[in-house]
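Structure assessment
Listed below are the residues making up each chain.
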Amino acid sequence: MKRMMKPLVLAFALSLPLFAAACTTPGEEAAQAQARLAADKAECARLGFKEGTDDFSNCLLKLREIRAIKAETRSRDLDRMNRPWWPYYSPGYPPYYWR
């Protein structure tokens with residue numbers, strides 16, 4: 001029993017800093033949003049849109065929309081990967097006829 005606990009405690013101790021590093025503060029989130037906005041503005045300017053025009057604003061909105069679609073697709077793909085490939089036929093799965 002004692003031999004089993006040592007690796008578990010070690011794994012927990014090593015994973016704790018990773019969990020702490022994954023947390024972001026509101027200030028960090030705001031900085032990331034500002035960096036994304038600056039990158040989007042640079043991309044729209046590179047595409048030839050002038051800042052302050054409706055076309056420039058539409059470009060920014062389109063880039064935000066594309067990013068949201070990618071995030072939704074990524075979320076859906078992750079959800080699909082975590083689901084079992086067989087449908088749920090009964091409270092206990094796999095289905096009763098596989099047993």
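Below you will find a few notes about this structure. (Residues numbered from 1 in each chain as written. Predicted model: local features only at pLDDT ≥ 70, side-chain atom pairs only at ≥ 80, totals over all residues. Heavy atoms only, no water.)

**Focus on the overall build of the protein chain**
Where we set the bar: Numbered from the N terminus, helices here are DSSP runs of H or I no shorter than four residues, and strands are runs of E no shorter than two. Any residue under 20% of the maximum accessible area for its type is buried, any over 50% is exposed, and the rest in between are partly exposed; the area is computed with a 1.4 Å probe on protein chains only. For the area figures, the Shrake-Rupley method with a 1.4 Å probe applies, and any residue is considered shielded solely by the protein chains shown.
Assigned secondary structure in the protein chain consists of three helices and zero strands. Mapped in sequence order, the helices and strands of the protein chain form the string α-α-α. Buried positions account for 8% of the 99 residues belonging to the protein chain. Carbon and sulfur atoms form 63% of the exposed surface of the protein chain, whose accessible area is close to 8900 Å².

**Points about the state of the cysteines**
Operational definition: Here, a disulfide means two cysteine sulfur atoms that sit within 2.5 Å of each other.
For the structure on display, the rule yields one disulfide. Here C44 pairs with C59 through a disulfide, and the sulfurs are 2.0 Å apart. Note on the C44 and C59 pair: the S-S dihedral is about -95°, so by sign convention the disulfide is left-handed. Here C44, found in helix α2 (residues 26-46), pairs with C59, found in helix α3 (residues 54-82); they are 15 residues apart in sequence, far enough to count as distant. Residues C44 and C59 agree in their burial class; the two are buried.

**Focus on α3**
For the record, the criterion: Take the residue count of a helix, subtract one, and multiply by 1.5 Å to get its expected span. Residue contacts follow a heavy-atom distance rule, with two residues in contact if any of their heavy atoms lie within 4.5 Å.
The end-to-end C-alpha separation of α3 is 42 Å, in line with the 42 Å expected for 29 residues at 1.5 Å each. All buried positions along α3 are accounted for by F56, C59 and L60. Packing partners of the buried residues in α3 comprise α2.

**Describing the layout of surface pockets**
A water-sized probe, rolled over the atoms, reveals where empty space remains. The condition is simple: A cavity, in this analysis, means grid points on a 1 Å lattice covering only the protein atoms where a 1.4 Å probe fits yet has no way out; a pocket is instead an open set bounded by protein on both sides within 12 Å along at least five of seven lines, and a residue lines either one if it has an atom within 4 Å of a point. Grid points are joined across faces, edges and corners, and a volume is the space filled by probe spheres set on the points. Residue polarity is assigned by list, with Asp, Glu, Lys and Arg as charged and Ala, Val, Leu, Ile, Met, Phe, Trp, Tyr, Cys and Pro as nonpolar; anything else, Gly included, falls into the polar class.
Considered as a void within the structure, the largest pocket measures approximately 180 Å³ in volume. Every residue along the wall of the largest pocket is listed here: A33, Q34, R36, L37, D40, S57, L60, L61, R64 and R67. Within the residue set of the lining of the largest pocket, elements represented by two or more residues are α2 and α3. Among the residues forming the lining of the largest pocket, the class breakdown is four nonpolar, two polar and four charged.

**Description of the environment of F49**
Take F49: it is sitting in the loop between α2 and α3. When its relative accessible area of 32% is taken as the criterion, F49 is described as partly exposed. C-alpha separation for the pair F49 and C59, spaced ten residues apart in sequence, amounts to 7.9 Å. Apart from residues no more than four positions distant in its own chain, F49 is found in contact with C44, D55, F56 and C59.

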